[in-house]
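Descriptive analysis of the structure
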Amino acid sequence: MSMTVKAYGVTGFNEPVKPVTIQRRAPDANDVVIDIKYTGICHSDIHITRGEWGPFPFPLVIGHEIAGVVRSVGKNVTKFKVGQHVGVGCLLNSCRSCESCKDGEEQHCTGDGKINGGVQTYGGQDPKENFAPTAGGYSQMIVVDQDFVLNIPESLPLDKVAPLLCAGITMYSPLRHWKAGPGKRVAIIGLGGLGHAGVKIARALGAEVTVLSQSLSKKEQGLKLGADKYFATADPETFTTLKGHFDLIINTVSANLDLNQYTSLLRRNGSLVEVGIPEHPMSVHAFSLVAGRRSLAGSCIGGIKETQEMLDFCAEHGITAEIETIPASYINKAWERVGKSDVRFRFVIDISTI
């Protein structure tokens, strides 16, 4: 039988979040039923509900940084058991047959004619939901196919691990792909929800880590999180001092920056990787790339296997997010504060308050 669940949702673009009820599907033999304990607030939740990333179906229950406890499992489930700590990130399903899926990179699923790509945790079209829009983690519980559920190591507290399901993997994946480690100089643009996780992970990988932030207001915190150096990009001298310095720069901010300034900071064969997504198109002069054989690239979360690898890595190194836990009634205020960069560093909703 389907289940009625309390949630917080949005009825249209630029509308406030408010209490709603939703129906969760009856679980099948391959499903895991999860009681959600905590859900992180990702800036993408806000971009989407403001229409900055194109059309989305409404009403919409958002949230893709989900940490909870297994309530029940289907008869074919072998990976999880009742009471286990588990997580759900940005994906609920994929075609599982395209080249990307076979390579364990479901985030780049191209579809198979039935599924048009990776099914997003909210606002996606999942055949297991009869292609109705999926509902995310601003809710009491969720039903997920076992192949898209993640094991959360017991050493990681559920509230502080929730943001790793998006922010953590968004940073871990490019750091791994571009081989951040000993002897590599890594810069992270922005010290917000994504950036602070990236600093911790890059430091644990053994790289030299520099934060590039508009001002020095978060310098003390950045250094405590593990950054070796911290520079203000509002100071023109920064771009002179650091010219040709970095092997890898990861841009976490969603503002439109002068990319030519930042590519000038790359060493020969260095890469500038975009993980933040500005509302407007970006531009870069070709000379900024051909000089030094530099690359401009992008990265988007990670597949299920890599996300599990990230969680295990964070457990090994004691990495969690820096959070402010809030009741559900505070979500709209939290969104306002995210827009003002007034959070150090991630809001997490206590789902017991719904």
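Every residue gets a number counted from 1 within its own chain, in the order that chain's sequence is written. Note on the predicted model: pLDDT of at least 70 is required for a residue's local features to be given, and 80 or more for side-chain atom pairs to be given and counted; whole-chain, interface and lining totals, by contrast, use all residues. Remark: hydrogens and water are excluded; side-chain values derive from all non-hydrogen atoms of the structure.

**Looking at the packing of helix α4 (residues 167-177) against helix α10 (residues 304-317)**
Two elements in contact, α4 and α10, have axes separated by 10 Å at closest approach and are oriented at 100 degrees. If you check the angle between α4 and α10, you find them roughly perpendicular. For the pair α4 and α10, contact is made by Gly168, Ile169, Tyr172, Ser173 and Arg176 and by Glu306, Thr307, Glu309, Met310 and Phe313, respectively. Note that Gly is not counted as nonpolar here; it falls among the polar residues with everything else outside the nonpolar set of Ala, Val, Leu, Ile, Met, Phe, Trp, Tyr, Cys and Pro and the charged set of Asp, Glu, Lys and Arg. Within the contact of α4 with α10, the residues separate by chemical class into four nonpolar, three polar and three charged. All axes here are fitted lines through C-alpha atoms, helices being fitted over the stretch that makes contact, and every angle between N-to-C directions spans 0 to 180 degrees. Secondary structure counts use DSSP, requiring at least four H or I residues in a row for a helix and at least two E residues in a row for a strand, with both numbered from the N terminus. For classification, angles of less than 35 degrees are called roughly parallel, those exceeding 145 degrees roughly antiparallel, those between 65 and 115 degrees roughly perpendicular, and all remaining angles oblique. Every residue pair with non-hydrogen atoms within 4.5 Å of one another is taken to be in contact.

**Points about the sheet that holds strand β10 (residues 185-189)**
At least two DSSP bridges between two strands are required for those strands to pair. Strand order in the open sheet formed by six strands is β12-β11-β10-β13-β14-β15, and the pairing between neighbours is parallel. A strand with exactly one partner marks an edge of an open sheet, and here the two such strands are β12 (229-232) and β15 (295-298). Averaged over all neighbouring strand pairs, the angle between strand axes comes to 20 degrees, with direction disregarded. As paired elements, strand β14 (residues 266-274) and β15 share four bridges and run parallel to each other. Of the residues in β15, the one forming a bridge with Glu274 is Gly298. Across the sheet, α4 lies against β10, β13 (246-251) and β14, angled at about 160 degrees from β13, the strand it touches most. Contacts from helix α5 (residues 193-205) reach β10 and β11 (208-213) within the one sheet, and its direction differs from that of β11 by about 165 degrees.

**Notes on the pattern of salt bridges**
Opposite charge on two side chains lets them pair, provided their charged atoms get close. By definition, a salt bridge exists where a carboxyl oxygen of Asp or Glu is found within 4 Å of a side-chain nitrogen of Lys or Arg. Counted by the stated rule, this structure contains 18 salt bridges. Of the charged contacts, one joins Arg203 and Asp228 as a salt bridge, the two residues approaching to 3.8 Å between their closest N and O atoms. With Arg203 in helix α5 and Asp228 in the loop between α6 (219-225) and β12, this residue pair connects regions lying 25 residues apart in the sequence. Of the charged contacts, one joins Asp342 and Arg337 as a salt bridge, the two residues approaching to 3.1 Å between their closest N and O atoms.

**Brief notes about the pairing of strand β3 (residues 31-40)**
The classification of residues rests on relative accessible area computed with a 1.4 Å probe and restricted to protein chains. Under 20% of the type maximum is buried, over 50% is exposed, and intermediate values are partly exposed. Burial runs high along β3: seven of the ten residues are buried. Pairing between β3 and strand β4 (residues 66-73): seven bridges, direction antiparallel. Each bridged residue has a counterpart across the sheet, and for Tyr38 the counterpart in β4 is Ala67. Sheet topology note: the β3/strand β17 (residues 346-350) ladder contains three bridges and is antiparallel.

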